[in-house]
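Read off the chains here:
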2 protein chains.
Amino acid sequence: MFESYNKVQKAVLETTLGILIEKDLQATSMSLIAKQSGVSTGNIYHYFDSKEAVINELYKAIVKFNGEYVLKGFYDTDDIRPRFDRAWDRYVRLSLEHPQGFRFIEQYSFSPYIYPESKGEAYEGGWCGPMNKLYEEAIGRGEFVKENPAALVQMHTGSFVYLIKGHLEGRFQLTEELIRTAIRSCWNSVRAEETASADPA
Amino acid sequence: MFESYNKVQKAVLETTLGILIEKDLQATSMSLIAKQSGVSTGNIYHYFDSKEAVINELYKAIVKFNGEYVLKGFYDTDDIRPRFDRAWDRYVRLSLEHPQGFRFIEQYSFSPYIYPESKGEAYEGGWCGPMNKLYEEAIGRGEFVKENPAALVQMHTGSFVYLIKGHLEGRFQLTEELIRTAIRSCWNSVRAEETASADPA
DNA sequence: ATGATCGGAATGAACGTTCGATTTAGAGGG
DNA sequence: CCCTCTAAATCGAACGTTCATTCCGATCAT
């Protein structure tokens, strides 16, 4: 998950993520990070400017990882439906495989502790931009309702995020069948219906 | 929003919410709360056990307020569609009218700083339970797809939450029309199919 | 007068950060 | 192969600040 960093940075970032999820920001002290990562506080400051810098670096690293994960194979085809299905499926799978990263982004994407700059990179380097483009195309081809594509992507993101949240909180089990149902539901919810109904491939 | 509290408690809770949204938990110090609310630190401790207690009381107060707001008029009718439309419409409106409360719950419902007990009360006293019941009934009557009602409610909640998030972050404008489209989309996304007739009105 | 309410300086712990000392790694010369 | 030198890496005690909380005196209501 932190392949582009050196050993020390990797240890610090991994440890920080773990503590941050288990405790919270104010309980995640530098001394605790130092103790658990095996890197002395002095050395942490050799590689990071500050505590804020550690957290923001963590944020950016996870966003980058998530973006690459979700978009894997995204450009293998031009057809909208398979790209839609594949991307959302990968998003769900990512969140289930890396729940800590999911929780962290979910909890801190709204936080003032994350620099606007980090959030900006999230948008450019993440999967949001390409997904918006896909929806835009779907609207252009008359497959989706004519509505702001960013709003539609946002809605669907919310659906999956909350589905995963419910699963992680143990409110229900996120089965394979439920995942497929959810993706299909999202597709149906924005499909341009009525007049253009048929149109078999 | 904090009608059931006395003047001092109300001032503290209101001020805390404001600071918490603008800064973050670790920057929200008791001395700052004291200064901005006009209540001395000593007096805050006369009405609250600790800082944690203030935050958790705030959490519970907002959840209670939200629950009452969303469920207003919920039992005026037995028909599913109007109850569905009305509840989600009120949820969106609540979030737009009280963005600070929305942000707070959104940011801290996952946080370890909020006691499990507070989260538990959120579920019982909030709107989640009654909404689940509504979906269950809709499934029973064959109007919704046969799927875990809690999962469906969770998905729809996510849709609206993220729509509002996008709006609050300035990514797009949440117009009246978009709200109506979103509610209709949610309905369509879980409607038991076969009767693919277009939506009236 | 007396108990509830309030104020704010005092306290002690904890935190982020700094800094000089120490260790490690690697290159170059003999 | 070993010794020397140097710069980077690493360490952790120490520093100054800030914070949540306490304490006790002052004020208010009855």
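Residues numbered from 1 in each chain as written. Chains lettered and ligands numbered in written order. Predicted model: local features only at pLDDT ≥ 70, side-chain atom pairs only at ≥ 80, totals over all residues.

Caption draft 1: Looking closely at the overall build of chain A. If you tally the helices and strands in chain A, you get 10 helices and zero strands. Order of helices (α) and strands (β) in chain A, N terminus to C terminus: α-α-α-α-α-α-α-α-α-α. With respect to the three principal axes, the spread of C-alpha positions in chain A is 65 × 35 × 30 Å. Taking all 201 residues of chain A together, the buried fraction comes to 35%. (Helix = DSSP H or I, 4+ residues; strand = E, 2+ residues; numbered from the N terminus. Buried ≥ 20, exposed ≤ 12 C-beta atoms within 10 Å, placed from the backbone.)

Caption draft 2: Representation of the interface of chain A and chain B within the structure. Each partner contributes to the interface: chain A provides 36 residues, whereas chain B provides 36 residues. Only α6 (99-108), α9 (149-168) and α10 (176-190) of chain A provide two or more residues apiece to the side of chain A that touches chain B. With 11 residues, α9(A) is the single largest residue contributor to the side of chain A that touches chain B. (Contact = placed C-beta atoms within 7 Å.)

Caption draft 3: Representation of the environment of Tyr162(B) within the structure. Here Tyr162(B) is to be found in helix α9 (residues 149-168). Separated by 161 residues in sequence, Tyr162(B) and Met1(B) have C-alpha atoms that sit 23 Å apart. Here Tyr162(B) is in contact with Gln154(A), Met155(A), Thr157(A), Gly158(A) and Val161(A), once residues within four sequence places are set aside.

Caption draft 4: Structural context of the nonpolar core. If you look at the biggest cluster of nonpolar residues, it comprises 91 residues, and the most contacted ones within it are Leu58(A), Trp88(A), Phe160(A), Leu58(B), Trp88(B) and Phe160(B). Ignoring sequence-local partners within four residues, the contact set of Trp88(A) consists of Phe160(A), Ile183(A) and Cys186(A). (Core = buried A, V, L, I, M, F, W, Y, C linked by C-beta atoms within 7 Å.)

Caption draft 5: The protein's contact with DNA strand D, seen in detail. The environment of DNA strand D is made up of 15 residues, and the closest members are Gly42(A), Ser29(B), Met30(B), Gly42(B) and Ser50(B). Of all the elements in the fold, those that place two or more residues in the surface near DNA strand D are α3 (41-47) of chain A together with α2 (30-37) and α3 (41-47) of chain B. Among the elements that line the surface near DNA strand D, the one with the most residues is α3(A), at four residues. Here the residues of the surface near DNA strand D sort into four nonpolar, 10 polar and one charged. (Near = placed C-beta within 6 Å. Nonpolar A, V, L, I, M, F, W, Y, C, P; charged D, E, K, R; others polar.)

Caption draft 6: Spotlight on the protein's contact with DNA strand C. Every one of the 15 residues lining DNA strand C counts as a neighbour, but Ser29(A), Gly42(A), Ser50(A), Ser40(B) and Gly42(B) are closest to it. Contributing elements (two or more residues each) for the surface near DNA strand C: α2 (30-37) and α3 of chain A together with α3 of chain B. In terms of residues, the surface near DNA strand C owes the most to one element, α3(B), which gives four residues. Split into classes, the residues belonging to the surface near DNA strand C amount to four nonpolar, 10 polar and one charged.

Caption draft 7: Just the UniProt feature "domain: HTH tetR-type" (unreviewed entry) in chain A, in detail. In the UniProt entry, the feature "domain: HTH tetR-type" (unreviewed entry) is given for residues 6-66 of chain A. Summarising residues 6-66 of chain A: 77% helix, 0% strand, and an end-to-end C-alpha distance of 20 Å. (UniProt positions renumbered as here; feature names shortened; annotations may be inferred.)

Caption draft 8: Focus on the packing of α9(A) against α9(B). Viewed as axis vectors pointing N to C, α9(A) and α9(B) meet at an angle of 135°, and their least axial separation amounts to 6 Å. Between α9(A) and α9(B), the angle is such that the two are oblique. Note on packing geometry: the crossing formed by α9(A) with α9(B) is right-handed. Listed contacts from α9(B) to Ala150(A), Ala151(A), Gln154(A), Met155(A), Thr157(A), Gly158(A), Ser159(A), Val161(A), Tyr162(A), Leu163(A) and Gly166(A) of α9(A) are Ala150(B), Ala151(B), Gln154(B), Met155(B), Thr157(B), Gly158(B), Ser159(B), Val161(B), Tyr162(B), Leu163(B) and Gly166(B). (Axes fitted to C-alpha atoms, helices over the stretch in contact; angles between N-to-C directions. Parallel < 35°, antiparallel > 145°, perpendicular 65-115°, else oblique. Left-handed = near helix turned anticlockwise from the far one by under 90°.)

Caption draft 9: Just the relation of the copies chain A and chain B, in detail. Expressed as a screw operation, the relation of chain A to chain B combines 0.0 Å of axial shift with a rotation of 180°, fitting to an RMSD of 0.1 Å. Taken together, the rotation and translation describe the operation of a two-fold axis. When the interface residues of chain A are mapped onto chain B, 94% of them again lie at the interface, so the same face is used by both copies. (Least-squares fit on C-alpha atoms with pLDDT ≥ 70 in both.)

Caption draft 10: How the structure looks around the environment of Ala87(A). Residue and element names in this part refer to chain A. Mapped onto the elements, Ala87 comes out in helix α5 (residues 80-97). On the neighbour-count criterion, Ala87 (20 C-beta atoms within 10 Å) is buried. Sequence separation between Ala87 and Lys51 is 36 residues, and the spatial gap between their C-alpha atoms is 34 Å. Non-local contacts of Ala87, meaning those with residues more than four positions away in its chain, are made with Val70, Phe74 and Met131.

Caption draft 11: Representation of the domain arrangement of chain A within the structure. All names here are of chain A. Parsing chain A into structural domains produces domain 1 (1-48) and domain 2 (55-193). Using only C-alpha atoms to locate each centre, domain 1 and domain 2 end up separated by 28 Å. On the side of domain 2, eight residues touch domain 1, which itself brings 10 residues to the contact. Residues of the side of domain 1 that touches domain 2, tallied by class, amount to eight nonpolar, two polar and no charged. (Domains from an automatic or database assignment.)

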